[in-house]
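# Summary of structural features
Each chain, letter by letter, is given below.
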Amino acid sequence: MGSKRYLTWLVRPEDVKSGVNVGAEYVMDMDYTPVSATVRSKLPSNFNNLIVDVNDDGVSIFSNRPNIPRLYQTDEGHLLKTPIREGSIITLDIDQYDSEAGDITVELLLEGED
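Definitions and limits used
- Residues numbered from 1 in each chain as written.
- Predicted model: local features only at pLDDT ≥ 70, side-chain atom pairs only at ≥ 80, totals over all residues.
- Heavy atoms only, no water.
- Helix = DSSP H or I, 4+ residues; strand = E, 2+ residues; numbered from the N terminus.
- Buried < 20%, exposed > 50% of the residue type's maximum accessible area, 1.4 Å probe, protein only.
- Areas by Shrake-Rupley, 256 points an atom, 1.4 Å probe, with all protein chains shown as cover.
- Core = buried A, V, L, I, M, F, W, Y, C linked by side-chain atoms within 4.5 Å.
- Contact = heavy atoms within 4.5 Å.
- Salt bridge = Lys/Arg side-chain N within 4 Å of Asp/Glu carboxyl O.
- Phe/Tyr/Trp six-rings, centres within 6.5 Å; stacked < 30°, edge-to-face > 60°.

### So, the overall build of the protein chain
Scanning the protein chain from N- to C-terminus turns up 0 helices and 11 strands. Starting at the N terminus and walking to the C terminus, you meet the elements of the protein chain as β-β-β-β-β-β-β-β-β-β-β. Residues classed as buried in the protein chain amount to 42% of the 114 residues present. For the protein chain, the accessible surface area stands at approximately 6,200 Å², while carbon and sulfur atoms represent 44% of it.

Printed below as a string of structure tokens:
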């Protein structure tokens, strides 16, 4: 069984800039495979969808980015399961957001080889 690593971003509404890197950048200390990704946020009822993207050296790790259409929903998106290599920089983009939305939490679980 490989070692697990969790990457977590908590994004406050005042820190959101749509379409750019938001929050921490993580540098991978070994090769990992994405296992799961979860996005949570409190959204207003008239919201059109929150869409986030996690990037490995600027390239999405999803075939379909996570998208939350309604209040308190979560979405795991569709991870590509492509290995993330040692030294890669992992970043978060907020691709669609509404100023009425609350905090956003993104959790990415990775599994590495020991």
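What follows continues from the structure just given.
### Side note on the nonpolar core
The biggest cluster of nonpolar side chains holds 27 residues, and the ones touching the most others in it are Trp-9, Val-54, Ile-90, Ile-94, Ile-104 and Leu-108. Of all the secondary-structure elements, those providing two or more residues to this core are β1 (3-11), β3 (32-41), β4 (50-56), β10 (89-96) and β11 (104-112). With 4 residues, β11 is the largest single contributor of residues to this core. Once residues lying within four places of it in the same chain are set aside, the contact partners of Trp-9 are Val-22, Gly-23, Ala-24, Tyr-26, Val-54, Ile-90, Thr-91, Leu-92, Ile-104, Thr-105, Val-106 and Leu-108.

### Section: the pattern of salt bridges
As enumerated under the stated definition, the model contains 4 salt bridges in all. Residue Asp-103 is joined to Arg-12 by a salt bridge in which the shortest nitrogen-to-oxygen separation is 2.6 Å. Of this pair, Asp-103 sits in the loop between β10 and β11 while Arg-12 sits in the loop between β1 and β2 (26-27), and the two are 91 residues apart along the sequence. According to the relative accessible area criterion, Asp-103 is partly exposed, its value standing at 31%. Classification of Arg-12 as partly exposed rests on a relative accessible area of 38%.

### Side note on unusual backbone geometry
Here the phi dihedral of Asp-57 falls at roughly 50°; this positive angle occurs in a residue that is not glycine. Counting through the fold element by element, Asp-57 comes out in the loop between β4 and β5 (59-60).

### Thoughts on the packing of aromatic side chains
Counted according to the given criterion, the structure contains 1 aromatic pair. The interplanar angle of 85° and the centroid separation of 5.2 Å between the aromatic rings of Trp-9 and Tyr-26 together place this pair among those described as edge-to-face. With Trp-9 in strand β1 and Tyr-26 in strand β2, this residue pair connects regions lying 17 residues apart in the sequence. A residue is classified by how much of its surface remains accessible, and Trp-9, at 2% relative accessible area, is buried. The class for Tyr-26 is buried, based on a relative accessible area of 18%.

Limitation: the analysis is restricted to geometry and does not speak to function.
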